[in-house]
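# Summary of the model geometry
Single-letter residue listing:
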Amino acid sequence: MKSLICQCCGLPFSKKMRGTKRDHSKTSDYCLECFRDGEFTDHHLTINDMEKKLLDMARHHDEISIEEAHQTIRSLPDLKRWRMTHIL
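A few words on the pattern of salt bridges. One pass over the structure, following the stated rule, counts 2 salt bridges. Note that Asp 29 and Lys 80 form a salt bridge whose closest N and O atoms lie 3.0 Å from each other. On the criterion of sequence distance, the pair formed by Asp 29 in strand β4 (residues 26-31) and Lys 80 in helix α3 (residues 80-83) is long-range, its members being 51 residues apart.

Okay, the nonpolar core next. In this structure, Cys 6, Cys 8, Met 50, Leu 54 and Trp 82 are the most contacted members of the largest nonpolar core, which totals 23 residues. The set of elements that each furnish at least two residues to this core consists of β4, α1 (47-61) and α2 (66-75). Ranked by residue count, the leading element in this core is α1, at 6 residues. Aside from chain neighbours lying at most four places away, what touches Leu 54 is Cys 9, Leu 11, Ile 64, Ala 69, Thr 72, Ile 73 and Leu 76.

Looking now at the packing of aromatic side chains. Throughout the structure, instances matching the rule amount to 3 aromatic pairs. Pairing Phe 35 with Phe 40 gives two aromatic rings, centres 5.2 Å apart and planes at 75°, and the pair type is edge-to-face. Note on Phe 35: relative accessible area 12%, which makes it buried. Among the aromatic residues, those joined into a ring-pair cluster are Tyr 30, Phe 35 and Phe 40. Between Arg 81 and the ring centre of Phe 40, over which it is positioned, the NZ or CZ distance is 4.0 Å.

This part covers the environment of Arg 83. Position of Arg 83 among the secondary structure elements: in helix α3. In this structure, the C-alpha to C-alpha distance between Arg 83 and Cys 8, residues 75 residues apart in sequence, is 10.0 Å. There is a polar contact of 3.0 Å between the side chain of Arg 83 and the backbone oxygen of Asp 78.

Take the side chain of Arg 81 next. Note that Arg 81 resides in helix α3. Although buried, Arg 81 forms no salt bridge, and the nearest oppositely charged side chain, Asp 42, lies 6.0 Å from it. Polar side-chain contacts of Arg 81 include one of 3.1 Å to the backbone oxygen of Asp 42. Those residues in contact with Arg 81, other than ones at most four positions away along the chain, are Gln 7, Cys 8, Tyr 30, Phe 40, Asp 42, His 43 and Leu 45.

What counts, and at which threshold
- Residues numbered from 1 in each chain as written.
- Predicted model: local features only at pLDDT ≥ 70, side-chain atom pairs only at ≥ 80, totals over all residues.
- Heavy atoms only, no water.
- Salt bridge = Lys/Arg side-chain N within 4 Å of Asp/Glu carboxyl O.
- Helix = DSSP H or I, 4+ residues; strand = E, 2+ residues; numbered from the N terminus.
- Core = buried A, V, L, I, M, F, W, Y, C linked by side-chain atoms within 4.5 Å.
- Buried < 20%, exposed > 50% of the residue type's maximum accessible area, 1.4 Å probe, protein only.
- Contact = heavy atoms within 4.5 Å.
- Phe/Tyr/Trp six-rings, centres within 6.5 Å; stacked < 30°, edge-to-face > 60°.
- Lys NZ or Arg CZ within 6 Å of the ring centre and 35° of its normal.
- Polar contact = N/O pair within 3.5 Å; in protein donor to acceptor, adjacent residues only side chain to side chain.
- Lys, Arg positive; Asp, Glu negative; His and termini not counted.

In short, geometric facts, not functional conclusions.
Structure, rendered in structure tokens:
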């Protein structure tokens, strides 16, 4: 099964872990960790906060490697959630 890429955190996720819209239908754009009930789970999260979160995951939780964290961080500006912040 092909993994989807979350347009907020940049990490792969399965169809089972898709985020939910307000009507509780699933979205393939965001994982459930980042998007639930039609809203981002952390409204105040900045792209810099997401970078720190990814590095923390790599350093302390072994969910991803440091190399994977850096690769994901480089892709963040191209993801849907963060693209708008670079227009201003």
